[in-house]
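Architecture at a glance
Okay, here's what each chain looks like letter by letter:
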Amino acid sequence: MRVDKARKRITKLTSKGFAGYPHISIAYFGATADCATEVMVSFVLTEGDAPQQQRFTSTKDVRNDETIQSVLIKIIDRANAGTVTEVAGVALPQKNIL
């Protein structure tokens, strides 16, 4: 699946809002706001369950990685997710302030 097609499909799914469980959440992480080198997918089967998490990393921006975006779509499809959410932006590493 092309990366633009996968991103469009994820955006469409996230725009639907909460539609029940299973619930999949996608969050991006990176050293800068311009480049997400890691994505974390959280899966919650039913309300109150602890999330199961899986991380994928790359040396380039994972939001533009065709393989990783295709895997995200496959995870969503196989889980038969009722709700898909995506955390906006790229989470940056915490700086230790002493």
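Let me begin by describing the structure that accompanies this report. (Residues numbered from 1 in each chain as written. Predicted model: local features only at pLDDT ≥ 70, side-chain atom pairs only at ≥ 80, totals over all residues. Heavy atoms only, no water.)

1. Some remarks on the sheet that holds strand β3 (residues 52–57)
Counted only if it meets this: Any two strands are treated as partners once DSSP identifies two or more bridges connecting them. By the criteria applied, helices consist of DSSP H or I runs no shorter than four residues and strands consist of E runs no shorter than two, each listed in order from the N terminus. Here the axes come from fitting lines to C-alpha atoms, over the contacting stretch only for helices, and the angles between their N-to-C directions go from 0 to 180 degrees. In this analysis, two residues are considered to be in contact whenever any of their non-hydrogen atoms come within 4.5 Å of each other.
Pairing in this open sheet of four strands is mixed, and the strands run β3-β2-β1-β4 from one edge to the other. With one partner strand each, in any of the chains shown, β3 and β4 (83–91) form the two edges of the open sheet. Geometrically, the sheet is characterised by an average inter-axis angle of 15° between neighbouring strands, direction not taken into account. Of the strand pairs in this sheet, strand β1 (residues 23–29) and β4 are connected by six bridges, and their pairing is parallel. Directly across from Ile 24, in β4, lies its bridge partner Val 84. Across the sheet, helix α1 (residues 3–14) is in contact with β1 and β4; its angle to β4 comes to roughly 115°. Across the face of the sheet, helix α2 (residues 66–79) comes into contact with β1, β2 (38–44), β3 and β4 while running at roughly 160° to β1.

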